Amino acid sequence: MAAGPSELELFRRRWRAELAGARQGKKRRRAAEPGGSPSCREPVSGWSSCGGVPLAAPRDGGGEEERRGAGYFALARSLLDGKAPGARSRRHRQPRPAPPPVQPAAEPEGGGDSDLLGQLIRDLNEINEVPFFDIQLPYELALKIFQYLGRTELGRCAQVSRTWKILAEDEVLWYRLCQQEGYLPDANISDCSCWKLALQDCRAKECTLRTNWKNRIGAVSQLQYELGKVLCDVHSCDGVAIAGYTSGDVRLWDTRTWDYTAPILEPVHGSADSGPQPHVSFVRINSSLAVAAYEDGTVNVWSLMIGREPIHHYQHNQRIQALALGLEGAAIATASGFQVKVESPDDRGYWQTTAQFEIQKLVNFLHLVPDVVGSPVTIAAAEDMVYLLKAEEPGKVLHSVYGQPVTCLDVSASEAAFGVKGFGWLLNETNKILLYNLETGQCLTKLGSSLGDFTCINLQNSPPWMLVTGNKDRRVRVYDLRRSKSLCSLYAHHLGVSAVQMDDWKIVSGGEEGLVCVWDQRMGTKLWEMHARHPVRHIWFNTHSLITANIPDEKNPRGASIMDDDLTAHRRHRGIIYAYEFSVDQLARESVLPICRSSYDEVTGYNYNIGLAVPYDNILVT
């Protein structure tokens, strides 16, 4: 209620007159009814409450009520005089329950302008109903402000008012939170009716998954191929595993479903004789392609969408030392002798040699840089030299120190990390990890100082600014790249670490003795372990599954002929692949292997060489 000084003074005078009239009327009624009951007297109209403070006239029947009423009138007079309401005596401040909400006074018959008290009460009601910004601003603009809040802040804002609750529970805000936290990345906003509940479910599943990982709650299966003889190499991507054997067979497994029948990828070799096929040297797989390299220099490429027949193959003159497949796309790099060849399809789908390089030494490690637009970029480690190879450009030496060979290599989108063997303590040159920037070609940092050789490294799958390595000194080390400092060192294995991978809270490592260990990275403690006969050469995991491969070093077992028809004689020499599933949605029946779910009513038989620990079978009684 905005008014000038003269209007405000006029209002105060009229209010004083109305107060004086009210008190005189009350005195006359009390004189006329000396023995009347206090419950029969009604308060002055419009004075039931004012801004949460009752202003009723004092009643008979108690001195305390009269003193309280006098205090109310004193408060009203102080407000009329423009004084602070704190002038009330402290002895009148008694604890009492919260007053009822302010109700607008009924307007008299003479009009709303003559009832000043009613107007005051209506003004006080307007003051209590303070308008928030969602009334003054457009809804879209208010939503734009709310999008900078997190889950906790949105929950608190939803308790402010009904309008803020509508804003804080808008589907756009919770859909954005789901995307930011990495849940349901491929979903659209129209796929779910309540994204707040969807986010709660995803977080609850994540908590359950972490509990399953820590307590080893889930299902485990063995991926074996009896006719493949000895396992040579294993690789996996998104739950699909590929394995190559000494028999020349290449087989796929989709661990996302237990009833999936693994197909055998048909090879294509130069000769059409019926002799034994060459051993498989390397296998690689991504979301669309599967690649296998053989000992005779043959490379076969299969499409996971088309079928078992290769879509492309090419031949090297010598044995292949390294094979690399891009994380996305269809680029393949192979190293044979002193030659590195890069193959990829053109726009029409025809495969061609994109680049070919001649280097000075034999290649030990080969990687394709992920997320490269245009021609593929290859990183090759050849003894004590590291090359950066780009199409249509000469090979660039990224690192070269004579007498310090590279022992492991991994590549991310912008950096390359590799272990270098030093000269020893005598020359103050210990084994280190070097981190290079691929754009500038400069060494960013040097990590570690160890007598043992760094045998494995993982940069691509590690959290940002972190790196995990394995060493022959039987330790797993996690480094902070920003501070060039080791965060933790875990005594893991007795014969050295052979494979390692980490995420934001756990580490999975494999050793030469065949032990797989799962660690809590923040606590630095071992959660659980599993043991097999042969060294662990491959580890891959995501949020709900884990794939490990124990690959023997000896491809031709002594004491038994590889051509022997009794395949059980080679069981201990073959190697094995384990697939662990910790999914929350997994049913109890799905945790049982297919061989254990048989009802024995099929015509075809089974290979009962597999030892069943628990009889889960539902045997039909005839």
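Residues numbered from 1 in each chain as written. Predicted model: local features only at pLDDT ≥ 70, side-chain atom pairs only at ≥ 80, totals over all residues. Heavy atoms only, no water.

Participant: Help me understand the confidence of the model for the protein, please; the structure alone is not making it clear to me.
Facilitator: Detailed reading of the predicted coordinates is not advisable wherever pLDDT falls low. Chain-level statistics for the protein give a pLDDT mean of 79 and a share of 71% at 70 or above. Within the model, pLDDT remains below 50 along residues 101-114, and this stretch shows 24 contacts once partners closer than five positions in the same chain are excluded. Note that pLDDT drops below 50 for residues 127-131; the model gives that stretch two contacts with residues more than four away or on any other chain. (pLDDT = per-residue confidence, 0-100. Contact = heavy atoms within 4.5 Å.)

Participant: Sorry if this is basic, but what is going on with the pairing of strand E31 (residues 545-550) here?
Facilitator: Successive residues of a regular strand alternate their side chains across the two faces of the sheet. Among the six residues that make up E31, six are buried, leaving the element largely enclosed by the rest of the structure. Taken together, the five bridges between strand E30 (residues 536-541) and E31 define a ladder with antiparallel strand orientation. The partner of Phe541 across the bridge, within E31, is Leu546. Hairpin geometry of E30 and E31 is characterised by an intervening segment of three residues between the two adjacent antiparallel strands. (Buried < 20%, exposed > 50% of the residue type's maximum accessible area, 1.4 Å probe, protein only. Helix = DSSP H or I, 4+ residues; strand = E, 2+ residues; numbered from the N terminus. Pairing = 2+ DSSP bridges.)

Participant: What am I meant to see in the sheet that holds strand E11 (residues 332-336) here?
Facilitator: Sheet strands pair by backbone hydrogen bonding; their relative direction is either parallel or antiparallel. Reading across from one edge, E10-E11-E12-E13 is the order of the four strands in this open sheet, with antiparallel pairing throughout. Edge positions in the open sheet fall to strand E10 (320-325) and strand E13 (351-358), since each of these has one partner strand only. Neighbouring strand axes in the sheet, compared pairwise and without regard to direction, differ in orientation by 20 degrees on average. One ladder, built from five bridges, connects E11 with strand E12 (residues 339-345); its direction is antiparallel. Looking at E12, one finds that Ala333 is bridged to Val342. (Axes fitted to C-alpha atoms, helices over the stretch in contact; angles between N-to-C directions.)

Participant: Just to check I follow, could you spell out unusual backbone geometry for this structure?
Facilitator: With the exception of glycine, most residues fall at negative phi, and the peptide bonds are largely trans. A positive phi is found at Glu383, a non-glycine position, where the angle reads about 55 degrees. Take Glu383: it is sitting in the loop between strand E15 (377-382) and strand E16 (385-390). When its relative accessible area of 36% is taken as the criterion, Glu383 is described as partly exposed. Here Ser484, not a glycine, exhibits a phi torsion of approximately 55 degrees, which is positive. Mapped onto the elements of the fold, Ser484 is located in the loop between strand E24 (475-480) and strand E25 (485-491). Its relative accessible area of 35% is what places Ser484 among the partly exposed residues.

Participant: What am I meant to see in the pattern of salt bridges here?
Facilitator: Side-chain pairs of opposite charge can arise where the charged atoms are in close proximity. Overall, the coordinates contain 17 salt bridges when judged by the stated rule. Notably, a salt bridge pairs Arg151 with Glu181, separated by 2.3 Å at the nearest N-O pair. Placement of the pair is Arg151 in helix H6 (residues 151-157) and Glu181 in the loop between helix H8 (171-180) and helix H9 (195-215), with a sequence separation of 30 residues. Where Asp480 meets Arg482, a salt bridge forms, and the shortest distance between an N and an O atom there is 3.6 Å. Asp480 sits in the buried class, given a relative accessible area of 8%. Note on Arg482: relative accessible area 59%, which makes it exposed. One continuous salt-bridge network, built from bridges that share partners, spans Arg151, Glu181 and Arg203. (Salt bridge = Lys/Arg side-chain N within 4 Å of Asp/Glu carboxyl O.)

Participant: Would you take a moment to explain the side chain of Ser509 for this structure?
Facilitator: In this fold, Ser509 is placed in strand E27 (residues 506-511). One polar contact links Ser509 to Trp519, side chain to side chain, over a distance of 3.1 Å. Those residues in contact with Ser509, other than ones at most four positions away along the chain, are Val476, Ala492, His493, Val497, Ala499, Val500, Leu515, Val516, Cys517, Trp519 and Ile539. (Polar contact = N/O pair within 3.5 Å; in protein donor to acceptor, adjacent residues only side chain to side chain.)

Participant: Hey, could you run me through H8 in this one?
Facilitator: Quick reminder: α-helices carry 3.6 residues per turn. Residues three or four places apart thus point the same way. Leu173, Trp174, Leu177 and Cys178 are the residues of H8 that are buried. Looking straight down H8, one finds its buried side chains confined to an arc of 140 degrees; they lie on one side. Next to the buried residues of H8 lie helix H5 (139-146), H6, helix H7 (162-168) and H9. Its side-chain oxygen placed 2.9 Å from the backbone nitrogen of Val172, Asp170 serves as the N-cap of H8. Note on H8: the residue one or two positions beyond its end, Gly182, has a positive phi of about 85 degrees. (Arc of directions from axis to C-beta.)

Participant: When you look at the sheet that holds strand E28 (residues 515-520) in this model, what are you seeing that I'm missing?
Facilitator: Strand order across the open sheet formed by four strands is E26-E27-E28-E29, with antiparallel pairing between neighbours. Two strands bound the open sheet, and with one partner strand each, they are strand E26 (497-502) and strand E29 (525-531). Across the sheet, the axes of successive neighbouring strands diverge by a mean angle of 20 degrees, strand direction being ignored. By the bridge criterion, five bridges tie E26 to E27 in an arrangement that is antiparallel.

Participant: Would you mind showing me how to read the packing of H8 against H9 here?
Facilitator: A packed helix pair is summarised by two numbers, namely the angle formed by the two axes and the spacing between the axes. Packing of H8 against H9 leaves a shortest axis separation of 8 Å and a crossing angle of 25 degrees. As far as their axial angle goes, H9 and H8 are roughly parallel. The handedness of the crossing between H8 and H9 comes out as left-handed. Between H8, through Glu171, Trp174, Tyr175, Leu177 and Cys178, and H9, the contact on the second element is made entirely by Trp195, Lys196 and Leu199. Each residue belonging to the contact of H8 with H9 can be placed in one class, and the counts come to six nonpolar, no polar and two charged. (Parallel < 35°, antiparallel > 145°, perpendicular 65-115°, else oblique. Left-handed = near helix turned anticlockwise from the far one by under 90°. Nonpolar A, V, L, I, M, F, W, Y, C, P; charged D, E, K, R; others polar.)

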